[in-house]
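# Working through the structure, step by step
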Amino acid sequence: MAGPAVVASGTAHPRIEYEAEWGDVAALAGQALPWWPDLLRLPHLIRGWKPGAQPAVAPVRRTAPAPPRS
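Residues numbered from 1 in each chain as written. Predicted model: local features only at pLDDT ≥ 70, side-chain atom pairs only at ≥ 80, totals over all residues. Heavy atoms only, no water.

## Overview of the overall build of the protein chain
The condition that has to hold: Each helix is a run of H or I in the DSSP string that is no shorter than four residues. Each strand is a run of E no shorter than two, and both are numbered from the N terminus. A simple rule labels every residue: compare its accessible area, found with a 1.4 Å probe on the protein chains alone, to the largest value its type can have, and call it buried under 20%, exposed over 50%, or partly exposed in between. We call two residues contacting when some pair of their heavy atoms lies within 4.5 Å. All accessible-area figures derive from a Shrake-Rupley calculation using a 1.4 Å probe, and residue coverage is judged against the displayed protein chains alone.
A tally of regular secondary structure across the protein chain gives two helices and two strands. Element order for the protein chain, N to C, with α for helix and β for strand: β-β-α-α. For the protein chain, the residues scored as buried account for 4% of the 70 residues in total. For the protein chain, restricting intrachain contacts to residue pairs at least 6 apart in sequence, the fraction spanning at least 24 positions comes to 10%. Taken as a whole, the protein chain presents about 6,200 Å² of accessible surface, with 60% of it coming from carbon and sulfur.

And the structure:
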């Protein structure tokens, strides 16, 4: 079973998107990386994460965040 995917684009060619499995991204980083499901994407937790940090207990939002505006 595949894990979550990461979709990114470069600043030189923003219309070209690249997709990688989260495990591949972690392997490239050389360490486990956190994944925040939509209902747990709390900016203060994401900004506060550091490599080696212990798992955090966080309340779950009742609704998913609004998609970014274009």
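So much for the structure itself; the text now carries on.
## Digging into the layout of surface pockets
Applicable threshold: Here a cavity is any set of points on a 1 Å grid over the protein atoms alone where a 1.4 Å probe fits but cannot get out, and a pocket is any open set with protein on both sides within 12 Å along at least 5 of 7 lines; a residue lines the site when it has an atom within 4 Å of a point. Grid points are joined across faces, edges and corners, and a volume is the space filled by probe spheres set on the points. Classes in brief: Ala, Val, Leu, Ile, Met, Phe, Trp, Tyr, Cys and Pro nonpolar; Asp, Glu, Lys and Arg charged; the others, Gly included, polar.
Considering only enclosed or pocket space, the largest pocket measures out at about 300 Å³ in volume. Lining the largest pocket are 13 residues, with Trp 36, Trp 49, Gln 54, Pro 55 and Ala 56 sitting closest to its centre. Classifying every residue of the lining of the largest pocket gives 11 nonpolar, two polar and no charged.

## A short note on the environment of Glu 19
Note on placement: Glu 19 falls in strand 2 (residues 17-21). Glu 19 sits 14 residues away from Ala 5 along the chain, and the two C-alpha atoms are 6.5 Å apart.

## Things to note about the confidence of the model for the protein chain
Selection criterion: The predictor attaches a confidence to each residue, and that confidence, scored 0 to 100, is pLDDT.
The share of residues in the protein chain with pLDDT of 70 or more is 84%, and the mean pLDDT across the chain is 78. At the level of individual helices and strands, the protein chain shows its lowest average pLDDT in strand 1 (residues 5-9), which scores 75, and its highest in helix 1 (residues 22-29), which scores 86.

## Structural notes on the environment of Arg 62
Mapped onto the elements, Arg 62 comes out in the segment after helix 2 (43-48). The sequence separation of Arg 62 and Leu 40 amounts to 22 residues, and the corresponding C-alpha distance is 9.8 Å.

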